[in-house]
Amino acid sequence: MSAATSVETARHGTSLPWTDILLSAIAAVSWALIGMAGTAALGLHLLQADAAGSLGPMTAAVVALGAGGSVSPSGDVSAFGLKGAEAHTAVEITPLGVSLVGALLLSWFFLRSLRTAGVVIAPSELLARAGAVVALFVATLGGLAWAGHDVITIDGGSLGLDRLPGGGGKGGGLRIPGLGDIGGLLPDRIGDLIHAKAAVGFTVDTAPTLLGGLCWSAGILLIALLASRRTPLPPGWDAVHRVVRPVVSALVTVLLTAVAAGLAAAVYAAIGDDHPRRIAGAALLGAPNGVWLGVPVGLFVPWDGKATGALRTVLPHPLDQLLSAHSDQPVTVGRLAGLDGRVWLLVVATALMMLLAGVLTAVRTPLPGPVGAAGFAGRCALRLGIATALTLPLLAWLADVSVDASLSVLGFDAFGAGIELHGHLGMALLLGAVWGAGAGAAGALLALVAGAAGARAVGPGRGAVPSGARGGDPGYGGASGRAAYDRGDGAGPYAPGRPYRPPNPDTNPYLQVPERFRKEPEDGRPRSSGDDVYGAPTVARPLGPLPPAPRGRPGARPRDRAPGPEDEGPLPPGPPPPPGRPRR
């Protein structure tokens, strides 16, 4: 019985290791939430958000937003008993920096627990491990929903009211040409608004947060299982490992590389800026937001958006100018390039990113035996096209932004800000399929020319595929790796990888032949009669039965019958005794 069958039988025949399942789930959820909370707290502190309120509830609210939750701000402003003062705020944005840290930690610990199952894993154990992680994560989000509520107090001076006429600040009166100073004509109570207090609170919505956390954690585990090429899968999932995993792992790799490039750009920008702490905090919380917004834009996906108020300053150039124009036209690469020609570099960068995804897909896909270069390029193009068609709308949906904040007192607009960005998901799906197909075909051809196609393909739960086992499209070695091993075609659970260079007898002493065996003289071998087996390398020809020994006839002479034990004669005498001791 093969090793795979033995492992599968053992998993099905015994009870699930619940202790290990629970401990691994606790470790995964704990480290994920610790990483998310640490990233959120550090980012808020660098942005100096803790100066307006308590850092703990704000951190819990940001973590809930990063895990797919929802936060409902609310406020009430009153100044000396006056009515009609209110504040309203609506926030629909996901801090993807916090989400990415939690996703990486949660998936790493989850996949590490799966690798202890062996070459294959039973479906019941896989569901138990994933279900335990999701249930524990959702339960922990319930605690964050309970802790994520606070009230932030904003005074009138921080809103700039001291610079208004009659405010008592350094702004002086309001001078109008031809009329002079009319500051004294304004109501004296505006000066008193400096001391007004705006109490703006926020609360984490429990039900939407729990539902969002359930979908978020389940989606992260699914993507991690499809992207990890060395994690065991249940029996019968060989097609998923062979077809889906190479392309998903390639897309995840290039997207993480893009985020790393965005963080490096933020560090470079912070070095020469007057407020490096703010840039660092914004990068921690929202670097993936900006990067994954730029990827669809660079691939010509149109966006609808507008920006008003002070929040326009947080947008990168030239997006802030374009959204401030109050135009109904969508945001496209062409319109952005009309304001700044350097935007075309974004198109070049995203095109190179897609080409890298195509090359990685070809390198990690097993080489088909009977299919030629065109067939291999077509398969890579089809697989990457489908994956990119699903990924690009997801990125556009994740980078969606809707922020609206305003504070009104007695009809006076103290501050108002808003940002809206919504991508066209239909165009993202169509353009993703086109870009993915083109990048998959080009990457496959480049990998074939370089000789790297299939070089990094791995077997299901086993590691690298040997060079001689990449010859069949249905699986590794002409059939499914596990099925071939069950039939006895495989070499065993240990499959050595392809060496980095061919064997060389000049550098490997174990491959060198001794000098006395290198050249044999021609007459050193006896003459062959043509029917002997002297030259057989390993196996001799079958020999017939031995002839029976002749029986002795009564009265025959000793030479006429076969010799027996009695014809051998007496035994020879033994050795002489040792000499005695000499006499004295």
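The coordinates are above.
Residues numbered from 1 in each chain as written. Predicted model: local features only at pLDDT ≥ 70, side-chain atom pairs only at ≥ 80, totals over all residues. Heavy atoms only, no water.

A word on empty space enclosed by the protein. Take a probe with the size of a water molecule and roll it over the atoms, and the empty space left behind shows itself. Taken as a whole and judged by the stated rule, the model has six cavities of 30 Å³ or more. Of the voids in this model, the second largest cavity is the one considered here, and its volume is about 60 Å³. Residue lining of the second largest cavity: Leu-251, Val-254, Leu-255, Val-295, Leu-299, Met-353, Met-354, Thr-388, Thr-391, Leu-392 and Leu-395, and that is the complete set. Of all the elements in the fold, those that place two or more residues in the lining of the second largest cavity are helix 8 (238-271), helix 12 (344-364) and helix 13 (373-398). (1 Å grid on protein atoms, 1.4 Å probe; cavity = no way out; pocket = protein on both sides within 12 Å on 5 of 7 lines; lining within 4 Å. Points joined across faces, edges and corners; volume = space filled by probe spheres on them. Helix = DSSP H or I, 4+ residues; strand = E, 2+ residues; numbered from the N terminus.)

This part is about the environment of His-275. For His-275, the location among the structural elements is in the loop between helix 8 and helix 9 (276-298). His-275 sits in the partly exposed class, given a relative accessible area of 42%. Considering only alpha carbons, one finds His-275 and Leu-47, 228 residues apart in sequence, at a separation of 9.7 Å. (Buried < 20%, exposed > 50% of the residue type's maximum accessible area, 1.4 Å probe, protein only.)

We now examine helix 12. Its 21 residues place the ends of helix 12 31 Å apart at the C-alpha level, agreeing with the 30 Å of an ideal helix rising 1.5 Å per residue. Of all the residues in helix 12, the buried ones are Val-347, Thr-350, Met-353, Met-354, Ala-357, Gly-358, Leu-360, Thr-361, Ala-362, Val-363 and Arg-364. Contact partners of the buried residues in helix 12: helix 8, helix 9, helix 11 (333-339), helix 13 and helix 14 (425-450). (Expected span 1.5 Å × (residues − 1). Contact = heavy atoms within 4.5 Å.)

Counting residues in hydrophobic clusters, the biggest one holds 45 residues, and the most contacted among them are Trp-292 and Trp-303. For this core, the element with the most residues is helix 8, which contributes eight residues. Leave out the neighbours within four places in its chain, and Trp-292 touches Leu-96, Leu-100, Leu-255, Val-259, Leu-395 and Ala-399. (Core = buried A, V, L, I, M, F, W, Y, C linked by side-chain atoms within 4.5 Å.)

Looking now at the packing of aromatic side chains. Per the counting criterion, the structure on display carries four aromatic pairs. Ring centres of Trp-31 and Phe-109 lie 6.2 Å apart, and the angle between their planes is 5°; on these two criteria the pair is classed as stacked. With Trp-31 in helix 2 (residues 18-46) and Phe-109 in helix 4 (residues 96-114), this residue pair connects regions lying 78 residues apart in the sequence. Residue Trp-31 is classed as partly exposed on the basis of its relative accessible area, which comes to 45%. Its relative accessible area of 17% is what places Phe-109 among the buried residues. Among the aromatic residues, those joined into a cluster by ring pairs are Trp-31, Trp-108 and Phe-109. (Phe/Tyr/Trp six-rings, centres within 6.5 Å; stacked < 30°, edge-to-face > 60°.)

Side chains of Ile-223, Leu-394, Trp-397 and Leu-425 sit close together on the surface and give an oily, nonpolar patch of about 400 Å² of accessible area. Assignment of secondary structure puts Ile-223 in helix 7 (residues 206-227). Judged by relative accessible area, Ile-223 falls into the partly exposed class, the value being 40%. (Patch = residues over 30% accessible without salt bridge, like charges linked within 9 Å, V, L, I, M, F, W, Y side chains within 5 Å. Areas by Shrake-Rupley, 256 points an atom, 1.4 Å probe, with all protein chains shown as cover. Salt bridge = Lys/Arg side-chain N within 4 Å of Asp/Glu carboxyl O.)

Here we come to unusual backbone geometry. Within the chain, Gln-48 stands out as a residue other than glycine whose phi angle is a positive 60°. With respect to the helices and strands, the residue Gln-48 is situated in the loop between helix 2 and helix 3 (55-66). Owing to a relative accessible area of 46%, Gln-48 belongs among the partly exposed residues under this scheme. The backbone of Phe-300 shows a phi angle near 70°, a positive value even though the residue is not glycine. For Phe-300, the position within the fold is in the loop between helix 9 and strand 7 (303-309).

Applying the stated criterion across every chain, the model contains three salt bridges. Across the pair Asp-340 and Arg-342 runs a salt bridge, and its minimum N-O distance is 2.9 Å. Owing to a relative accessible area of 13%, Asp-340 belongs among the buried residues under this scheme. Taking relative accessible area as the criterion, Arg-342 reaches 59% and is therefore assigned exposed. One connected set of salt bridges, linked through shared partners, spans Asp-20, Glu-125 and Arg-129.

Along the chain, the position of Ser-249 falls in helix 8. Judged by its relative accessible area of 4%, Ser-249 falls in the buried class. Sequence separation between Ser-249 and Ser-228 is 21 residues, and the spatial gap between their C-alpha atoms is 6.7 Å. When neighbours within four sequence positions are excluded, Ser-249 is seen to be in contact with Ala-227, Arg-229 and Arg-364. Polar contacts involving the side chain of Ser-249 include one to the main-chain carbonyl oxygen of Arg-245, which spans 2.9 Å. Side-chain polar atoms of Ser-249 contact the side chain of Arg-364, separated by 3.1 Å. (Polar contact = N/O pair within 3.5 Å; in protein donor to acceptor, adjacent residues only side chain to side chain.)

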